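# Analysis of the macromolecular model
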Amino acid sequence: MTEPCDRSTGLVELIAEAKRTNQPGRLTDIVPYARFMGLSMRHVAGELLGHLTYADMLIGNPALPALHGGALGALLESTAIFQLLWEAETVVLPKTIDITVEYLRTGRPIDTWAKGILTRQGRRVANVRVEAWQEDRQRPITIAHAHFLILPGPEGEVGDA
Amino acid sequence: MSAPRDRAEQVARLAQLNRQFHLVVPHNRALGLEVVEFGDGDARMRLPYSRDLVGNPDTGVLHGGAITSLMDACCGAAVFMKLPMPVPIATLDLRIDYLRPADPGRDVLAHATCFRLTRNVAFVRGVAYHDDEADPVAAAAGAFMLATAPGRGSPRTRPSP
């Protein structure tokens, strides 16, 4: 498993197609890491939300038990990227510049939801704020803010590390 | 260079540490994370490249979320290496700067140092890289809460310092 993936996916076309047909789920279907983690984007009451399906392998602290901080960070970062992809008029492939994650409460072993808010979109940089919650949206468990480079064309790549 | 016996001891401790680590943290096991070196307030870990962890199917570049998990785990391990006695810790915040895309097909290493430990809080910084720490793919800065006493609950549920 050391070879990079082939380049035949046509990510830009797939994203455009998902937006045209209003199927946000297709955005996450094409990202291997999202499938591995059980991450998806869903329309709920007219709102685009990120969703992390609970699985035992997401646990970081079995004594509590609590979700791994990295798994929650992944949910927030992915939700921010997909929110940006969804709202941008043209297909831009955001490149994460930085992300700051704050852990407020224990992530319990149940499903987690997230909502990204585009706080500012400039010509080159977009600022996104994201919140994750479980049963009570008024009690977020994790929040993050992130900056993305949104240069259109081949200079930007989604999900770059 | 350490004496061969010290080296053998270190290897044995490392194997023991990894067994514990995988036993205790399911998400680290799912990602294949392993500790490769540790010292006083210092930890080095490896994230093996896997197609499951790809964020951009066009390029095969790892998803930022996998790097976040690696940094969270490595920073946490560095805190444990600094503690005079083991107590539960919880991530308060973690900032990741994505300096350049990780090379597709290559493992990512992380090196984290806990550079300040107070009664309540541990401060950590770290980098993610392929083979040269001076040429990192990501940088991280984090703060962790330390549990005050056994049986008083998770610090993640009591975040005020």
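Heads up: the structure comes first, above all this text.
Note that this is a predicted model, so its numbers are computed, not measured.

It is worth spelling out the interface of chain A and chain B at this point. At the interface, 48 residues of chain A touch 47 residues of chain B. Contact between chain A and chain B buries roughly 4100 Å² in total, counting both sides, with carbon and sulfur atoms accounting for 57%. Across the contact surface, chain A and chain B share one salt bridge. Applying the counting rule to chain A against chain B returns 13 residue pairs in polar contact (both at pLDDT 80 or more). Of all elements in the fold, only helix H3 (32-37), strand E3 (59-61), helix H4 (69-87) and strand E5 (95-103) of chain A reach the threshold of two or more residues within the side of chain A that touches chain B. Broken down by element, the residue count for the side of chain A that touches chain B peaks at eight residues, all from E5(A). Residue composition of the side of chain A that touches chain B, by class: 25 nonpolar, 13 polar and ten charged. Across five bridges, E5(A) lies against strand E5 (residues 89-98) of chain B in antiparallel orientation. Counted as the bridge partner of Val101(A) is Leu94(B) from E5(B).

With that settled, the discussion passes to the pattern of salt bridges. In total, this model carries 14 salt bridges over all chains according to the counting rule given. For Arg108(A), the salt bridge identified is with Glu135(A), shortest N-O distance 3.2 Å. Taken together, the positions of Arg108(A) in the loop between E5 and strand E6 (112-121) and Glu135(A) in the loop between strand E7 (125-133) and strand E8 (142-149) put the pair 27 residues apart, joining distant regions of the chain. A relative accessible area of 66% places Glu135(A) in the exposed class. Between Arg46(B) and Asp107(B) there is a salt bridge, with its nearest N and O atoms 3.7 Å apart. Separated by 61 residues along the polypeptide, Arg46(B) in strand E2 (residues 42-47) and Asp107(B) in the loop between E5 and strand E6 (108-117) bring together distant segments of the chain. Look at Arg46(B) and you get partly exposed, because its relative accessible area is 27%.

Here we take up the side chain of Lys115(A). Residues and elements named next belong to chain A. Here Lys115 shows up in strand E6. This buried residue, Lys115, is left without a salt bridge; Glu47 holds the nearest opposite charge, at 4.1 Å. Sequence-distant contacts of Lys115, defined by excluding residues within four places in its chain, comprise Glu47, Leu48, Leu49, Thr79, Gln83, Arg129, Val130, Glu131, Trp133 and Arg137.

Moving on, we get to helix H3 (residues 64-82) of chain B. Over its 19 residues, H3(B) extends 27 Å from the first C-alpha to the last, a length consistent with the 27 Å expected when each residue adds 1.5 Å. With respect to burial, H3(B) is a largely interior element, 16 of its 19 residues being buried.

Moving on, we come to the packing of aromatic side chains. Enumeration over the complete set of coordinates arrives at zero aromatic pairs over all chains. Stacked on the ring of Phe115(B), the Lys or Arg Arg125(B) has its end atom at 3.8 Å from the ring centre.

The twelve strands lie next to each other as E1(A)-E2(A)-E6(A)-E7(A)-E8(A)-E5(A)-E5(B)-E8(B)-E7(B)-E6(B)-E2(B)-E1(B), forming an open sheet whose pairing is antiparallel. At either margin of the open sheet sits one strand with a lone partner, and together these are strand E1 (39-44) of chain A together with strand E1 (34-39) of chain B. The sheet shows a mean angle of 20° between the axes of neighbouring strands, direction not considered. With eight bridges joining them, E6(A) and E7(A) adopt antiparallel strand pairing. From the neighbouring strand, Gly116(A) faces E7(A), where its bridge partner is Val130(A). Along the sheet, H4(A) contacts E1, strand E2 (47-52), E5, E6, E7 and E8 of chain A together with E5 of chain B; its crossing angle with E6(A), the most-contacted strand, is approximately 50°. Contacting E1, E2, E5, E6, strand E7 (121-129) and strand E8 (138-146) of chain B, H3(B) crosses the sheet at an angle of about 40° to E6(B).

All right, on to unusual backbone geometry then. Residue and element names in this part refer to chain A. Cis peptide bonds are those with omega within 30 degrees of zero, and the linkage from Leu64 to Pro65 qualifies with -10°. As for its placement among the helices and strands, Pro65 is situated in the loop between E3 and strand E4 (66-67). One non-glycine residue, Asn22, lies in positive phi territory at about 55°. Here Asn22 lies in the loop between helix H1 (11-20) and helix H2 (25-29).

Reading the values: rules and limits
Residues numbered from 1 in each chain as written. Chains lettered and ligands numbered in written order. Predicted model: local features only at pLDDT ≥ 70, side-chain atom pairs only at ≥ 80, totals over all residues. Heavy atoms only, no water. Contact = heavy atoms within 4.5 Å. Buried area = accessible area lost by both parts, 1.4 Å probe. Salt bridge = Lys/Arg side-chain N within 4 Å of Asp/Glu carboxyl O. Polar contact = N/O pair within 3.5 Å; in protein donor to acceptor, adjacent residues only side chain to side chain. Helix = DSSP H or I, 4+ residues; strand = E, 2+ residues; numbered from the N terminus. Nonpolar A, V, L, I, M, F, W, Y, C, P; charged D, E, K, R; others polar. Pairing = 2+ DSSP bridges. Buried < 20%, exposed > 50% of the residue type's maximum accessible area, 1.4 Å probe, protein only. Lys, Arg positive; Asp, Glu negative; His and termini not counted. Expected span 1.5 Å × (residues − 1). Phe/Tyr/Trp six-rings, centres within 6.5 Å; stacked < 30°, edge-to-face > 60°. Lys NZ or Arg CZ within 6 Å of the ring centre and 35° of its normal. Axes fitted to C-alpha atoms, helices over the stretch in contact; angles between N-to-C directions.

These values are about where atoms sit, not about what they do.
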